[in-house]
Amino acid sequence: MPSLSDKRLVHFTNKYNQHANTELGNINVNTDELETKMDSMIINTNHNQYSGSSSSTIAGSATIVSIASTDLGNSSAIHKLQIVGTTTNSSISNIIQVSSNNSDWYDLTTFVITVTGTKFSGCGDILFRYYRMNTTNNTAGDVTVVIEHSAKNLN
């Protein structure tokens, strides 16, 4: 006579082998419908993009807001911010500032804008609803800056 352990082993083996065969026999691996739905989701995802340009003349040793406050519309979304520009003198400093309420501004010191000759650029991620850029002229004479900027929602 088989032991209780042997009976349980036979029952367990039969139960799960039969279950596995039934489940595997009903799987449909056609993914055409899924791919169509995924394409539709990707197309309909809102990847907002904000862009603008500005041109300013900065007096000697002065600081101006060279990119006006830009509302990204969603404070919890990650945005990729890109800034490029030209200047008539390489002795300028650019600081990106961010805000959640458009009144309390904080310097985003991790966003580096590199000035090389008369050109400058920077790229980085921001998580705040508003951003702007301050540009300081570190010379005694006037400096002109021309800026292009773009922020794209990465969600």
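Scroll up a little and you will see the structure.
As the structure is a prediction and not an experimental result, all values here were calculated from the model.

What counts, and at which threshold
- Residues numbered from 1 in each chain as written.
- Predicted model: local features only at pLDDT ≥ 70, side-chain atom pairs only at ≥ 80, totals over all residues.
- Heavy atoms only, no water.
- Salt bridge = Lys/Arg side-chain N within 4 Å of Asp/Glu carboxyl O.
- Helix = DSSP H or I, 4+ residues; strand = E, 2+ residues; numbered from the N terminus.
- Buried < 20%, exposed > 50% of the residue type's maximum accessible area, 1.4 Å probe, protein only.
- Pairing = 2+ DSSP bridges.
- Core = buried A, V, L, I, M, F, W, Y, C linked by side-chain atoms within 4.5 Å.
- Contact = heavy atoms within 4.5 Å.
- Axes fitted to C-alpha atoms, helices over the stretch in contact; angles between N-to-C directions.

Asker: What should I look at first to understand the pattern of salt bridges in this one?
Answerer: Working definition: two side chains of opposite charge can pair if their charged atoms are close together. On inspection of all chains with the given rule, the structure shows 2 salt bridges. Salt-bridge contacts for aspartate 71 lead to arginine 129; the nearest nitrogen and oxygen are separated by 2.8 Å. Of the two residues, aspartate 71 sits in strand E2 (residues 63-71) while arginine 129 sits in the loop between strand E7 (119-126) and strand E8 (130-137), which places them 58 residues apart along the sequence. Assessed through its relative accessible area of 32%, aspartate 71 is described here as partly exposed. Between aspartate 125 and lysine 80 there is a salt bridge; the shortest N-O distance is 2.8 Å. One end of the pair, aspartate 125, is in strand E7; the other, lysine 80, is in strand E3 (residues 79-87), and 45 residues separate them in sequence.

Asker: Would you take a moment to explain the sheet that holds strand E4 (residues 92-99) for this structure?
Answerer: Strand pairing in a sheet takes place through backbone hydrogen bonds and is either antiparallel or parallel in direction. Taking strand neighbours across the sheet as the criterion, the 4 strands line up as E2-E8-E4-E5 in an open arrangement whose pairing is antiparallel. Every interior strand has two partners, whereas the edge strands, E2 and strand E5 (106-107), have only one. In terms of strand pairing, E4 meets E5 through 2 bridges, oriented antiparallel. Residue pairing across strands places valine 98 opposite tyrosine 106, the latter belonging to E5.

Asker: Mind showing me how you'd approach the nonpolar core here?
Answerer: Among the nonpolar cores identified, the biggest contains 19 residues, and Leu81, Ile83, Ile96, Tyr131 and Met133 are the most heavily contacted of them. Breaking this core down by element, the ones donating at least two residues are E3, E4, E7, E8 and strand E9 (143-153). Examining the composition of this core, we find that 4 residues originate from one element, E9, more than from any other. Excluding residues within four positions of it along the chain, leucine 81 makes contact with Ile96, Phe111, Gly122, Cys123, Gly124, Ile126, Tyr131, Ser150 and Ala151.

Asker: Looking at this model, I keep getting lost on the sheet that holds E7. Mind explaining?
Answerer: Pairing is antiparallel across the open sheet formed by 5 strands, whose spatial order is E1-E9-E3-E7-E6. Taken across any chain shown, the strands that pair with only one partner, and hence form the sheet edges, are strand E1 (49-58) and strand E6 (114-116). Averaged over neighbouring strand pairs, the angle between their axes works out to 15 degrees when direction is ignored. Bridge count between E6 and E7: 3 bridges; the pairing is antiparallel. Bridge pairing links valine 115 to phenylalanine 120 in E7.

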